[in-house]
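As a plain string of letters, each chain reads:
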Amino acid sequence: PPLVEGSPQAHGDCQLCGLALRGGTKSVRHEGQQRLRLIQSMHPRASPQQGSVWYQQQLFTLEGFQIAFQVHFHQPSTCAGYPTGTGDEKASDQVAACPLAHRIGGDGVALLLHNDPAGDRALGCAGTGLGFASTSARGHSCRRHVQSSVAVQLVAHHDIREPQLEGPQRSMNATRFISWETRDEVTVHVGGDNTVSLATGIPGVPGRRPSLLDGQPHRLLLQYSQLRMSLFMDSQPMPIISLPLDIAKHGAVDEDGRSWVGFTAAAGSVASMHADLIGFSFCTPPRCEEVA
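Thresholds applied
Residues numbered from 1 in each chain as written. Predicted model: local features only at pLDDT ≥ 70, side-chain atom pairs only at ≥ 80, totals over all residues. Heavy atoms only, no water. Buried < 20%, exposed > 50% of the residue type's maximum accessible area, 1.4 Å probe, protein only. Helix = DSSP H or I, 4+ residues; strand = E, 2+ residues; numbered from the N terminus. Pairing = 2+ DSSP bridges. Polar contact = N/O pair within 3.5 Å; in protein donor to acceptor, adjacent residues only side chain to side chain. Disulfide = S-S within 2.5 Å. Axes fitted to C-alpha atoms, helices over the stretch in contact; angles between N-to-C directions. pLDDT = per-residue confidence, 0-100. Contact = heavy atoms within 4.5 Å. Salt bridge = Lys/Arg side-chain N within 4 Å of Asp/Glu carboxyl O.

Colleague: Go over the pairing of strand 17 (residues 274-283) with me, naming the residues and quoting the values.
Modeller: Working note: regular strand, side chains alternate between the two faces of the sheet. Across the ten residues of strand 17, ten count as buried, placing the element largely inside the fold. Direction of pairing for strand 3 (residues 33-39) relative to strand 17: antiparallel, over a ladder of three bridges. Within strand 17, the position partnered with Leu-36 by the bridge is Leu-277. Direction of pairing for strand 6 (residues 65-74) relative to strand 17: antiparallel, over a ladder of nine bridges. Pairing of Val-71 across the sheet is with Leu-277, part of strand 17.

This is the structure we're talking about:
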């Protein structure tokens, strides 16, 4: 996707180019690139975190638009599904000894269109809420959510199923594994509720492991035209998601056909990762370039 005015690589000071950075989002340099880091890799059992970035003005979305963005998930914090020793090692030593295929980071990033009265300060829950949805995971209830919204959610690892037990009171028969209900999924949600999806896509790039957390940046292109939403990923010629969708029906536009547009991200307390936006752009027809 092209980098244009309003992208994190176009300007060092994103506040001056029409973007609002919320939560833990910060501008960083990685491998010579300026990017926005919405959440960062922390040691296992760190506090939940979330971040977001929004265009500071609503954008006209009703009659069609195109959003191109590049996201990079990397440096996962936690080892799962693989025994890492006696349980006495430091968490960093356990992750270092863990095979790459078993290293996990949670949870992910979501692209949002919304008409929530909170505007560019709209906020959902951390952890499985991904910063836009409510959550009741593992007995912890959080009711915050971004109202009147349409979200495209990219999840690396999500919804813990079997927690790893630690500490001196740990039983000899206790599990040393962490398993997850969801991984490597792209889904569409409405109304700040990500427990039910309207559509699901699975990443799959020729010559690469089908994973959002393969250590490489991923390019995505979201198109909305004639009441249909389609999402293209990397070099795939066909969309990984395509569905009929009326964003106005779900309240994501105001009376003038405009929406708040931005990205949210969150991680829970068990696992985290760097979730970086390398670049993103928004356009409306006929100014949008055709998909290559």
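We are not done yet, so read on.
Colleague: Go over the side chain of Thr-135 with me, naming the residues and quoting the values.
Modeller: Tracing the sequence through the fold places Thr-135 in the loop between strand 9 (107-114) and strand 10 (149-162). Residue class for Thr-135 comes out buried when judged on its relative accessible area of 11%. Engagement of the side chain of Thr-135 in a polar contact is seen with the side chain of Thr-128, the distance being 2.6 Å.

Colleague: How would you explain the state of the cysteines if you had to name every residue and give the values?
Modeller: Applying the stated criterion to the full structure yields one disulfide. With its sulfur 1.9 Å from that of its partner, Cys-125 forms a disulfide with Cys-142. Across the disulfide from Cys-125 to Cys-142, rotation about the S-S bond amounts to roughly -85°, and the bridge is consequently left-handed. Here Cys-125 is found in the loop between strand 9 and strand 10, whereas its partner Cys-142 is found in the loop between strand 9 and strand 10, with 17 residues between them in sequence. Taken as a pair, Cys-125 and Cys-142 share a single burial class, namely buried.

Colleague: Run through the sheet that holds strand 13 (residues 218-225), naming residues and quoting values.
Modeller: Pairing between sheet strands relies on hydrogen bonds along the backbone, with the strands arranged either parallel or antiparallel. Strand order across the open sheet formed by seven strands is 2-3-17-6-13-14-15, with antiparallel pairing between neighbours. For this open sheet the edge positions go to strand 2 (26-30) and strand 15 (241-244), each flanked by a neighbour on one side alone. On average, each strand axis in the sheet is inclined to that of its neighbour by 30°, with strand direction left out of account.

Colleague: I'd like a rundown of unusual backbone geometry, residues and numbers included.
Modeller: Here the amide bond leading from Pro-285 into Pro-286 is cis, since omega sits at 5°, within 30 degrees of zero. If you trace the backbone, Pro-286 turns up in the segment after strand 17. Look at Gln-226: it is not a glycine, yet its phi comes out positive at around 50°. Topologically, Gln-226 is positioned in the loop between strand 13 and strand 14 (228-233). Given the relative accessible area of 76%, Gln-226 is considered exposed.

Colleague: Go over the confidence of the model for the chain with me, naming the residues and quoting the values.
Modeller: For the chain, the average pLDDT comes to 80, and 73% of its residues sit at 70 or higher. Across residues 84-88, where pLDDT falls below 50, the model places eight contacts with residues more than four positions away in sequence or in other chains.

Colleague: Break down the pattern of salt bridges for me, citing the residues and quoting the values.
Modeller: Enumeration over the complete set of coordinates arrives at three salt bridges. Salt-bridge contacts for Asp-120 lead to Arg-22; the nearest nitrogen and oxygen are separated by 3.1 Å. Of this pair, Asp-120 sits in the loop between strand 9 and strand 10 while Arg-22 sits in strand 1 (residues 19-23), and the two are 98 residues apart along the sequence. Its salt-bridge partner being Arg-35, residue Asp-276 comes within 2.9 Å of it at the nearest N-O pair. Here Asp-276 is found in strand 17, whereas its partner Arg-35 is found in strand 3, with 241 residues between them in sequence. Arg-35 carries the same exposure label as Asp-276, and that label is buried. A cluster of three or more residues bridged by salt bridges with shared partners is formed by Arg-35, Arg-37 and Asp-276.

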